[in-house]
Structures are given as C-alpha cells and as structure tokens.
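Residues per chain, in single letters:
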Amino acid sequence: MSQFFQIHPENPQARLIGQAAEIIRKGGVVAYPTDSAYAIGCHLGDKKAVDRIRRLRQLDDKHNFTLMCRDLSELATYAKVANTEYRLLKANTPGAYTFILNATNEVPRRLLHPKRRTIGLRVPDHPTTLALLEELGEPMISCTLILPGEELPLTDPYEIRDLLEHQLDLVIDGGYCGMEATTVVNLTGEVPRVSRVGLGDTQPFVTEV
C-alpha cells in the first residue's frame, strides 16, 4: 500500500522531501505534482521501477520516457547542448516544456529512442518537484500519469491514491494540478520544432506542420 505525503505546494517540508527521496532511492515508484499535470517517476538507474511504470501505464518498449532535471546544468549533463540550444533552454526553463535533444553517454541506453539516440528532458516549474530533485541530486525517469484507455491525466491526489495505492510506493499530494501536458519541442534539427502543443507557450519556437 502506498504512503501518502501532503507536501505544501509552495513551501515543501524538508523532512517529507527527504523521506520521499529515500523512497525513490530504494526503488520506489512515486506519483508527484508538476507545473503541468501529475506525473509518475522513479530513480534514474532502476530498471525494475521503470518496468513497473511500463506495466502500470501499459507502455511498450518504444515509449520515450522523460528525464526530469532540477536545472539547466543538470540537463546539459544528459544532453548535447550547443550555444543556440542553450540560449533557448535558458529562456524557457523552468517551465512546461519537454525538450528532445541528442543524448550523451550518461543516459542509460534503454531510455533512448531506439534509432536516433535522443532523449526527452524537462526542468519543471514546481517547488515540490524541484525540491525533490535537489534532494535526489540526479534526474528522475518520468511520464505523465495517464491511466490506460484514458486521454487525460489524473489531477486529484486522493483519487490517485484510491486507484493506485497497491501499485505505487508513494503519492505526493501537492494540491490540484492541471490536466494539460507539456509542450514538446524537438531541438535535434536545424531549427526548433514543436511536435506537441501543450501548456508551454509555442511562440518562441517554429511549429511543426
């Protein structure tokens, strides 16, 4: 049965953040709030936890997970970022964007796009998530908390607990989150391309047709 932490969305309690990080380090799968929607995540190097997320979401092995990073510096450890991309990232992080970038060797092979060696990365604009990532000291593997057969993510932490208490190790109640996914921006080509329109403003980028 999952634990349930009520963490203040603007001033997260350090004690609970520390406990949440320890659950993740020990292989836990966690539902947590972000600036777009509730997400589900686990430790970067934990294959068993990733497999649990795949089963819960009914994802195949071609699904691309996102690395949730605490800041731009950490993001640049896992992605190849040239000067042009860096300026765009600096202007739009933290925020409700997922950026597709060419991965460095720091990214586990099983998380990469099978043909392109790309990875989705994101720096969320949510105090609870940023505090958790800071405490972990490394990214989380993450995806939006959408149940199989549904089109919209779960938004209520109490409903998440009721539905998934036997499949998660922790539910973090950080208040109500929206139900709109991030805007996905592909930075691997000559110009930025918006491949999914979501919560993040698309104005700084060129939209893919």
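It should be noted that the structure appears before, not after, this text.
The notes below deal with the structure included here. (Residues numbered from 1 in each chain as written. Predicted model: local features only at pLDDT ≥ 70, side-chain atom pairs only at ≥ 80, totals over all residues. Heavy atoms only, no water.)

### Here we look at the nonpolar core
Point 1. If you look at the biggest cluster of nonpolar residues, it comprises 45 residues, and the most contacted ones within it are L67, L75, L121, I160 and L168.
Point 2. Counting residues per element, the ones that place at least two in this core are strand 3 (39–43), helix 2 (47–57), helix 3 (72–78), helix 4 (83–92), strand 5 (97–102), strand 6 (118–122), strand 7 (140–144) and helix 6 (157–164).
Point 3. Looking at this core, the element that brings in the most residues is helix 2, giving four residues.
Point 4. Judged by nonpolar contacts, the second largest core, of 18 residues, contains I17, A39, M140 and L170. (Core = buried A, V, L, I, M, F, W, Y, C linked by side-chain atoms within 4.5 Å. Buried < 20%, exposed > 50% of the residue type's maximum accessible area, 1.4 Å probe, protein only. Helix = DSSP H or I, 4+ residues; strand = E, 2+ residues; numbered from the N terminus.)

### A look at the state of the cysteines
Point 1. What the rule picks out here adds up to zero disulfides.
Point 2. In this model C69 remains outside any disulfide bridge; the closest cysteine sulfur is found in C42, 14 Å from its own.
Point 3. In this structure C143 is not part of a disulfide, and its nearest cysteine sulfur, from C42, lies 8.7 Å away.
Point 4. By relative accessible area, which is 7% here, C143 ends up buried. (Disulfide = S-S within 2.5 Å.)

### Examining the side chain of R57
Point 1. Along the polypeptide, R57 turns up in helix 2.
Point 2. Here R57 sits buried without a salt bridge, and the closest side chain of opposite charge, D60, lies 9.9 Å off (N-O distance).
Point 3. Among residues more than four places away in sequence, those in contact with R57 are C143, T144, I146 and P148. (Lys, Arg positive; Asp, Glu negative; His and termini not counted. Salt bridge = Lys/Arg side-chain N within 4 Å of Asp/Glu carboxyl O. Contact = heavy atoms within 4.5 Å.)

### Some words on a negative patch on the surface
Point 1. On the surface, a cluster of negative charge is contributed by E150, E151, D156, E159 and D162.
Point 2. Following the sequence through the fold, E159 ends up in helix 6. (Patch = residues over 30% accessible without salt bridge, like charges linked within 9 Å, V, L, I, M, F, W, Y side chains within 5 Å. Areas by Shrake-Rupley, 256 points an atom, 1.4 Å probe, with all protein chains shown as cover. Charge placed at Lys NZ, Arg CZ, Asp CG, Glu CD.)

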